[in-house]
Amino acid sequence: MAKTVWNVDKSHSTVDFSVKHMMFATVKGGFHEYDATIVADPTDLTTADIEFTVDVASIDTRSSDRDAHLRSADFFDVDNHPKMTFKATSIEKTNDNEYNVTGDLTLRGTTKPETFSVVFEGTGQDPWGNEKAGFAVEGKLKRSDYGLTWNAPLEAGGVLVGDQIKIALQLQAAKG
């Protein structure tokens, strides 16, 4: 398959995260507004050009009060840093249809290299004849690396919000 443009189909994709809460529970959330530029041969991502942008104000943890706090200067500071971006800098094939995608992640004005595991899940045609490709993406990052350091100590020890964030994307893209 030749290298071509793929457009993320938001109605069949998700951008999710999870974080420990109170040291023993997990809170999950996601972002509804995002965009990607993918120029790739999905059967060989090693030569792909990948850029991803997330509108951090679109965060949704199913709690409007928590979401408002996450948008504030304590966390994402969306008034000053409305976007989170990722631009791939290297892609290594690790197994059949599996890759490590390393790139520059910018969040809250800080840019750091991060690596995400990507699985190419296949291609097919939808009922209208459009060619689609599926990708699963997973990774972890430390929120403190990006200046997201707000926390509250717990009386029994530990903190309210964990530092490690787990990232999980399910992406369906249409050949453009």
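No experiment lies behind these values; they were computed from the predicted model shown.

Asks: Tell me what's going on with the UniProt feature "domain: Lipid/polyisoprenoid-binding YceI-like" (unreviewed entry) in the chain, and back it up with residues and numbers.
Replies: Cross-referencing UniProt, the feature "domain: Lipid/polyisoprenoid-binding YceI-like" (unreviewed entry) maps to residues 5-174 in the present numbering. In residues 5-174, helix accounts for 5% and strand for 62%; the two terminal C-alpha atoms are 8 Å from one another.

Asks: Go over the pairing of strand β4 (residues 34-41), please, and point to the residues and values.
Replies: In this sheet, β4 lies alongside strand β1 (residues 4-8) in antiparallel orientation, the contact comprising three bridges. Following the sheet pairing, Trp 6 is matched in β4 by Ile 38. Bridging between β4 and strand β5 (residues 44-55) involves seven bridges; their strand directions are antiparallel. Note on β5: the bridge partner recorded for Tyr 34 is Val 54. Connecting the antiparallel pair β4 and β5 is a turn made up of two residues.

Cut-offs and rules
- Residues numbered from 1 in each chain as written.
- Predicted model: local features only at pLDDT ≥ 70, side-chain atom pairs only at ≥ 80, totals over all residues.
- Heavy atoms only, no water.
- UniProt positions renumbered as here; feature names shortened; annotations may be inferred.
- Helix = DSSP H or I, 4+ residues; strand = E, 2+ residues; numbered from the N terminus.
- Pairing = 2+ DSSP bridges.

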